[in-house]
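Structural features, examined
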Amino acid sequence: MKPPVPLPLPALSPEEEEALSDLYRRGTPANTLRAWERDLVYIAAWKAAVFGAPLAWPEDERVALRFVLDHSIDLTDRAGTSAHDAAMELIAAGLRRSLACPSPATLDRRIASWRAFHRMKNLPSPFEAPLIRQARAKARRAANHLPQPKSPRPVTRDLLNALIETCDGSLRGIRDRAMLMLGFASGGRRRSEITGLRREDIDLEEFDDRGLIWIRLLETKTTAKGEAPRLPLKGRAARALVAWIDRAAIADGALFRPVSRADRALVRPLGPDAMRLILRYRLKCAGLPEDYATPHGLRSGFLTQAALDGAPLQAAMRLSLHRSVTQAGRYYADVEIETNPATDLLD
């Protein structure tokens, strides 16, 4: 008996494609949408540089295979090749950092975005072809990348205090102090969670009596819409946040905003990359290299400091909102092995 012939995928009208894309946009977290947009820009620029053509839908398997191959090798010593020349164009355009081989995780993320664009159009992805799936698997093994931490070092209490000391009484200084302290003290918030806060997410009802603020996070990487966890903020961090709200007269809308040269808070929200720029500036003011730490250092620093202070892992996770004990426990494991009495046997 012959196997049934698979039915062809139905073609979508332009109106149906737009409706499907709109559904994806409304049903996808904002951070994922931003990552898709960045990847789409990169992919389109890469194909234009290599093939001199725009993206096709569905994309040709030959193009998909070439994308995998070009991003699975170090191009430093491959001058004169089309892959090297294309990479140089991407570097000049600010879309690629170097000629070094991208990490497998970066390649996988860009391919996942490309596949998502095909799903939006109800089209088959070329990356499902057996040859390309095998090439990706070989590329992962050949890369042999050691996992790199997201931040060179955690922003623990001492480093955080050094950064806070650089924040003066200007509106910019008050804002930066509030952002850094909130990001650390509320459980090590991600940069998108900090810049995405709105004034309506901040509950000050208990501040005057108890010095306590409640923060509502509408959406995080580990919680879905509708769960909206409420996190406490107290002490110096709570006072720093209230000082920003009062001084900038934030009544509604974006909580953290750009500050003009005239030292006034603007209406629009900060961009998604603002936390990185603020941290780099404060590191420089503190006499440290600008790449000494990254925004993820606030998150890793919170867990590291909790371990150093002897706070139970489960208690720290209730604030950090980690779901994986294994992932959060790595910071505790690093601290425990460093303070293990067996490391002092020779002294």
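Refer to the structure above for everything that follows.
**Here's the deal with the packing of helix H2 (residues 30-51) against helix H3 (residues 61-70)**
Two elements in contact, H2 and H3, have axes whose closest approach is 11 Å; the angle formed by their N-to-C orientations is 100°. Judged by the inter-axis angle, H2 sits roughly perpendicular to H3. Each of Tyr42, Ile43, Trp46, Lys47, Val50 and Phe51 in H2 lies in contact with H3, whose residues at this interface are Arg62, Val63, Arg66, Phe67 and Asp70. Taken together, the residues that form the contact of H2 with H3 break down as 7 nonpolar, no polar and 4 charged.

**Describing helix H7 (residues 157-164)**
All buried positions along H7 are accounted for by Leu159, Leu160, Leu163 and Ile164. Buried residues along H7 cover an arc of 140° about the axis, so they all sit on one side. Summarising the contacts, the buried residues of H7 are in contact with helix H8 (171-185), helix H12 (274-285) and helix H13 (296-308).

**Considerations on the sheet that holds strand S3 (residues 230-234)**
Read across the sheet, 3 strands follow the order S1-S2-S3 without closing on themselves; strand pairing throughout is antiparallel. The two strands at the open ends of the sheet, each matched to only one other strand, are strand S1 (202-203) and S3. Bridging between S1 and strand S2 (residues 212-216) involves 2 bridges; their strand directions are antiparallel. Counterpart to Ile202 in the pairing with S2 is Ile215.

**Here's the deal with the layout of surface pockets**
There is about 310 Å³ of room inside the second largest pocket. For the second largest pocket, the lining is made up of 19 residues, of which Arg157, Phe184, Ala185, Phe302 and Gln305 are closest to its centre. Elements supplying a minimum of two residues to the lining of the second largest pocket: H7, H8, helix H11 (235-248), H13 and helix H14 (313-320). Element by element, the count of residues in the lining of the second largest pocket is highest for H7, at 4 residues. Across the lining of the second largest pocket, the residue classes break down as 12 nonpolar, 3 polar and 4 charged.

**Details of the packing of aromatic side chains**
Counting across every chain of the model gives 8 aromatic pairs. Measuring from ring centre to ring centre gives 6.1 Å for Phe184 and Phe302, while their planes differ by 80°; the resulting arrangement is edge-to-face. In this pair, Phe184 is assigned in helix H8 and Phe302 in helix H13, connecting sequence segments 118 residues apart. Grouping residues by exposure puts Phe184 and Phe302 together as buried. One aromatic cluster is present, built from ring pairs that chain together Trp46, Phe51, Phe67, Trp114 and Phe127. One residue, Lys121, lies across the ring of Trp57, its end atom 5.4 Å from the ring centre.

**What about the pairing of S3?**
Taking every second residue as pointing to the same face, the buried face of S3 carries Leu231 and Leu233, while none of Arg230, Pro232 and Lys234 on the other face is buried. As judged from the 5 bridges shared by S2 and S3, these two strands associate in the antiparallel manner. In the sheet register, Arg216 faces S3, and the bridge partner there is Arg230.

**Some remarks on H2**
The end-to-end C-alpha separation of H2 is 31 Å, in line with the 32 Å expected for 22 residues at 1.5 Å each. Looking at H2, one finds that the buried residues are Leu33, Ala35, Trp36, Asp39, Tyr42, Ile43, Trp46, Lys47 and Val50. Gly52 lies just past H2 and shows a positive phi near 65°.

**Description of the packing of H8 against H12**
Axis separation between H8 and H12 bottoms out at 11 Å; the angle between their running directions is 110°. Our classification of the angle between H8 and H12 gives roughly perpendicular. Residues Arg172, Gly173, Arg175, Asp176, Met179 and Leu180 of H8 form the contact with H12, whose own contacting residues are Met275, Ile278, Leu279, Tyr281 and Arg282. Residues belonging to the contact of H8 with H12 are distributed by class as follows: 6 nonpolar, 1 polar and 4 charged.

**Overview of the side chain of Thr195**
Tracing the backbone shows Thr195 in helix H9 (residues 191-195). When residues no more than four places from it in sequence are discounted, the contact partners of Thr195 are Met179, Leu270, Gly271, Pro272, Ala274 and Met275.

**As for empty space enclosed by the protein**
Rolled over the atoms, a probe with the dimensions of a water molecule shows which regions are left empty. Scanning the entire structure with this criterion turns up 2 cavities of 30 Å³ or more. Its volume calculated, the second largest cavity comes out at about 30 Å³. Every residue along the wall of the second largest cavity is listed here: Trp46, Asp70, His71, Leu75, Ala83, Ala86, Ala87, Leu90 and Arg96. With 4 residues, helix H4 (residues 82-92) is the single largest residue contributor to the lining of the second largest cavity. A per-class count over the lining of the second largest cavity returns 6 nonpolar, 1 polar and 2 charged.

**Quick look at the pattern of salt bridges**
Under the criterion given, the structure shown has 20 salt bridges. Among the ionic pairs, Glu200 bridges to Arg198, the shortest N-O distance being 3.6 Å. For Arg198, a relative accessible area of 40% gives the class partly exposed. For Asp203, the salt bridge identified is with Arg230, shortest N-O distance 3.6 Å. Note that Asp203 is positioned in strand S1 and Arg230 in strand S3, a separation of 27 residues in sequence. Counted as one network, the salt bridges with shared partners bring together Asp39, Arg109 and Arg110.

Cut-offs used in this document
Residues numbered from 1 in each chain as written. Predicted model: local features only at pLDDT ≥ 70, side-chain atom pairs only at ≥ 80, totals over all residues. Heavy atoms only, no water. Axes fitted to C-alpha atoms, helices over the stretch in contact; angles between N-to-C directions. Helix = DSSP H or I, 4+ residues; strand = E, 2+ residues; numbered from the N terminus. Parallel < 35°, antiparallel > 145°, perpendicular 65-115°, else oblique. Contact = heavy atoms within 4.5 Å. Nonpolar A, V, L, I, M, F, W, Y, C, P; charged D, E, K, R; others polar. Buried < 20%, exposed > 50% of the residue type's maximum accessible area, 1.4 Å probe, protein only. Arc of directions from axis to C-beta. Pairing = 2+ DSSP bridges. 1 Å grid on protein atoms, 1.4 Å probe; cavity = no way out; pocket = protein on both sides within 12 Å on 5 of 7 lines; lining within 4 Å. Points joined across faces, edges and corners; volume = space filled by probe spheres on them. Phe/Tyr/Trp six-rings, centres within 6.5 Å; stacked < 30°, edge-to-face > 60°. Lys NZ or Arg CZ within 6 Å of the ring centre and 35° of its normal. Expected span 1.5 Å × (residues − 1). Salt bridge = Lys/Arg side-chain N within 4 Å of Asp/Glu carboxyl O.

Bear in mind that shape data such as this cannot, by itself, settle questions of function.
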